[in-house]
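Notes for the structure review
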Amino acid sequence: MTPVSHPTSLRRAPVQRRSAERLARILDACAGLLDEVGYDDLSTRAVAERAGVPIGSVYRFFGNKRQMADALAQRNLERFTERVTERLSATGDRGWRHATDVVLDTYLDMKRTAPGFSLVDFGNQIPVGARRAEPNHRVAGRLAALLAGYLGRAADDEDLRRTFLVAVETADALVDLAFRVAPEGDEKVIGELRAMLRAYLAPVLD
């Protein structure tokens, strides 16, 4: 069980290990229930029961279920970044095309297997159907910081961040299409996405 980082949606950040583990259980329960009942029928009481904690423990961290979903989205982003970092470290520097594939494959793996991810991902879908720009800005900034070293660019390079933002927005839309076409993601649409990302990124990163 990986403790969550301290997103801004928390009413109170955990200080002790026991408190951090309780927060992680709450978010695990939230993720599982999102898959089972959806966001509209999600309740803080049901999360507390699933997590095996008093309802007051949920309200210690979150004022409502939206804040809880936001914290889950933040944890998803942290775990996504950790997994991309681990995979790139394991394979070594094989160029930006390989790094792009690692990023996309890691996202697809989480979308297929991580509880609650299909609804929350990094924050775009809560409330369900909403598409807000802020999460993709966060993802683009995180990717720029993560991949700058592989690209020989500065992490605060605004051109690089804008390029990644356009790539993330494009990938977001086409992955959504792929999973509307097929439950596990249509491979032909995903293949088109890979080709499109490489064609767009090549003039900037080569």
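Read on for a plain summary of the structure.

What counts, and where the lines are drawn
- Residues numbered from 1 in each chain as written.
- Predicted model: local features only at pLDDT ≥ 70, side-chain atom pairs only at ≥ 80, totals over all residues.
- Heavy atoms only, no water.
- Axes fitted to C-alpha atoms, helices over the stretch in contact; angles between N-to-C directions.
- Helix = DSSP H or I, 4+ residues; strand = E, 2+ residues; numbered from the N terminus.
- Parallel < 35°, antiparallel > 145°, perpendicular 65-115°, else oblique.
- Contact = heavy atoms within 4.5 Å.
- Nonpolar A, V, L, I, M, F, W, Y, C, P; charged D, E, K, R; others polar.
- Left-handed = near helix turned anticlockwise from the far one by under 90°.
- Buried < 20%, exposed > 50% of the residue type's maximum accessible area, 1.4 Å probe, protein only.
- Core = buried A, V, L, I, M, F, W, Y, C linked by side-chain atoms within 4.5 Å.
- Expected span 1.5 Å × (residues − 1).

Contact pair helix 1 (residues 17-37) / helix 4 (residues 65-91): the axes reach a minimum separation of 10 Å and the direction vectors enclose 100°. With respect to helix 4, the axis of helix 1 lies roughly perpendicular. Between helix 1 and helix 4, the contacting residues are Ala 24, Ile 26, Leu 27, Asp 28, Cys 30, Ala 31 and Leu 34 on the first element and Met 68, Ala 71, Leu 72, Arg 75 and Arg 79 on the second. By residue class, the composition of the contact of helix 1 with helix 4 is 9 nonpolar, no polar and 3 charged.

Moving on to the packing of helix 5 (residues 96-113) against helix 9 (residues 187-205). In the contact formed by helix 5 and helix 9, the axes pass within 10 Å of each other and the chain directions differ by 145°. As for the relative orientation of helix 5 and helix 9, their crossing is right-handed in sense. Contacts from Trp 96, Arg 97, Thr 100, Asp 101, Leu 104, Asp 105, Leu 108 and Arg 112 of helix 5 reach helix 9 at Glu 187, Ile 190, Leu 193, Arg 194, Leu 197, Arg 198, Leu 201, Ala 202 and Leu 205. Looking at the contact of helix 5 with helix 9 residue by residue, the classes come out as 9 nonpolar, 1 polar and 7 charged.

On to the environment of Leu 23, then. By the secondary structure assignment, Leu 23 is in helix 1. Judged by its relative accessible area of 0%, Leu 23 is buried. For the pair Leu 23 and Ser 57, spaced 34 residues apart in the sequence, the C-alpha separation amounts to 8.4 Å.

The subject of this paragraph is the side chain of Ser 57. Along the chain, Ser 57 turns up in helix 3 (residues 55-61). In this structure Ser 57 comes out as buried when scored by relative accessible area, which is 8%.

As for its position among the elements, His 98 is in helix 5. Classification of His 98 by relative accessible area gives buried; the value is 17%.

Of all hydrophobic cores here, the largest spans 40 residues; its most connected members are Phe 80, Leu 147 and Phe 164. Look past the residues within four positions of Phe 164 in its chain and what remains in contact with it is Ala 140, Leu 143, Ala 144, Leu 147 and Leu 151. Leu 23, Leu 42, Leu 72 and Ala 73 belong to the second-largest nonpolar core, a separate cluster that totals 24 residues.

Here helix 5 spans 26 Å end to end across 18 residues, near enough to the 26 Å set by a 1.5 Å rise per residue. Of all the 18 residues making up helix 5, 13 are buried; the element is thus mostly covered by neighbouring parts of the structure.

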